[in-house]
Amino acid sequence: MSNAPKISVIMPAYNAERFISKTIQSILNQSFNDFEFIIIDDGSIDDTEKIIKSFDDQRIRYIKNPKNIGLASSLNIGVKEAKGLYIARIDADDISTNDRLEKQSSFLDQNPFIGIVGSSILEIDSEDKPIRILRKPKSHILIKWSSLFSTPMYHPTIMARADILKSHHYDEHLSNSEDYELWSRLLFSTDIHFANFFEPLLNYRIYPESFTQTLNLDKRVLSAHNTIRNISHYISLSQGEKDLFVRFKQEQTISSKNLLGIFFIYLRAISGFRRKEHLGIMGTLKLYPKVFQLTWFLVKYKLKH
């Protein structure tokens, strides 16, 4: 491996002893070898450090935070330390397919107009058993449209050109949704283009103690604010409509009338999106499936609450 590897893989870890060994092995087993693996131990108090140091591989660069400083700050440390042309992400409980780095780096090589590429995910449980495949839109314009609903990329699947992440840092004031905020910032204030692989390149672990499953409902207001800002690029929202999105993201009980109101907000957003993004008839029609998915979700939401 040269002094300047082509790819820097960044993985923060906090009290990750349960699954981190499999995660590390999934990176070390990659078919593409020209990478460095930057592991940031974010003040773990379990055996995370011991497990990391049990791997004898020159591609691993170990960084130990003296105390827990959070995911966004740890990611920024990794980005600053990265020497690669491309930066890839992974979380300490997930598993990459062994050809992930090869496929994503090749894609960026062949598509110089794309700045960030992610992929679909295969959800797995704590015993590595598959649950379901989840996908995000493939094309830039549909990724941009998807950002009006929720985060348009699966964070631990992404590979980005290093200069992008070195110029646009994660917001360290955020305790979650730091990825959604960054993608939104890049989508609406730069000309950087995004893409997603249709195939899953990551096994994404879901279990009761995982970060995704333990988000405090109050913290979901951060995700709501990202959604509100993104929609507001295309249509005006009243304060009441903004408050409705916050309640919706927090999974509060909402009347059928107000849930219908959310549906009509997105119908308005289609019109605004079509005009600002200069979409033709076929491009506009591609926006509707996301709204139809929302309709079914709103029905299930009402039945649940």
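Conventions adopted
- The numbers attached to residues start from 1 for each chain and follow its sequence in the written order.
- Restriction of local features to residues with pLDDT of at least 70 applies here, the model being predicted, together with a cutoff of 80 or more for giving and counting side-chain atom pairs; totals for whole chains, interfaces and linings are based on all residues.
- No hydrogens and no water enter the side-chain calculation; it runs on all heavy atoms of the structure.
- Numbering goes from the N terminus for both helices and strands, where a helix is a DSSP run of H or I of at least four residues and a strand is a run of E of at least two.
- Partly exposed residues are those whose accessible area sits between 20% and 50% of the maximum for their type, while under 20% is buried and over 50% is exposed, using a 1.4 Å probe and protein chains only.
- By definition, a salt bridge exists where a carboxyl oxygen of Asp or Glu is found within 4 Å of a side-chain nitrogen of Lys or Arg.
- Angular values range over 0 to 180 degrees, each being the angle between N-to-C directions of two axes fitted as lines to C-alpha atoms, with helices fitted over their stretch in contact.
- Working definition: roughly parallel below 35 degrees, roughly antiparallel above 145 degrees, roughly perpendicular at 65 to 115 degrees, and oblique for all remaining angles.
- Each crossing gets its hand from how the near helix is turned against the far one by less than a right angle, where anticlockwise is left-handed and clockwise is right-handed.
- It only takes one pair of heavy atoms within 4.5 Å for two residues to be counted as in contact.
- Residue polarity follows a fixed list, in which Ala, Val, Leu, Ile, Met, Phe, Trp, Tyr, Cys and Pro are nonpolar, Asp, Glu, Lys and Arg are charged, and the others, Gly among them, are polar.
- Like-charged residues within 9 Å of one another, or nonpolar side chains (Val, Leu, Ile, Met, Phe, Trp, Tyr) within 5 Å, are grouped into patches, provided each residue has over 30% relative accessible area and no salt bridge.
- Reported accessibility uses the Shrake-Rupley method at a 1.4 Å probe radius. Residues are deemed covered only where the shown protein chains occlude them.

A few words on unusual backbone geometry. Excluding glycine, most residues fall at negative phi; most peptide bonds, likewise, are trans. Phi is positive for Asp 128, close to 70 degrees, though the residue is something other than glycine. Along the chain, Asp 128 falls in the loop between β6 (114-124) and β7 (130-134). A relative accessible area of 29% means that Asp 128 is categorised as partly exposed. Even without a glycine there, the phi angle at Glu 251 is positive, about 60 degrees. Assessed through its relative accessible area of 32%, Glu 251 is described here as partly exposed.

Moving on, we come to the pattern of salt bridges. Here the structure, examined in full by the defined rule, presents 16 salt bridges. Arg 61 is the partner of Glu 81 in a salt bridge, and the nearest nitrogen-oxygen pair spans 2.9 Å. Here Glu 81, found in helix α3 (residues 71-81), pairs with Arg 61, found in strand β3 (residues 60-65); they are 20 residues apart in sequence, far enough to count as distant. Looking at Arg 61, the relative accessible area reads 22%, which means it is partly exposed. If you follow the salt bridges from partner to partner, you end up with Lys 22, Asp 128 and Arg 205 in one network.

Let us now look at the packing of helix α8 (residues 221-231) against helix α9 (residues 239-249). Remark: α8 packs on α9, axes separated minimally by 8 Å, with the N-to-C direction vectors making an angle of 140 degrees. Classified by the angle between their axes, α8 and α9 sit oblique to one another. Where α8 crosses over α9, the two elements pack in a sense that is right-handed. Across from Val 221, Ser 223, Ala 224, His 225, Thr 227, Ile 228 and Ile 231 in α8, the residues of α9 making contact are Lys 242, Phe 245, Val 246 and Lys 249. Class assignment of the residues belonging to the contact of α8 with α9 gives a composition of six nonpolar, three polar and two charged.

A grouping of Ile 281, Met 282 and Leu 285 is seen on the molecular surface, where their side chains present a nonpolar patch of about 360 Å² in accessible area. Following the sequence through the fold, Leu 285 ends up in helix α11 (residues 281-285).

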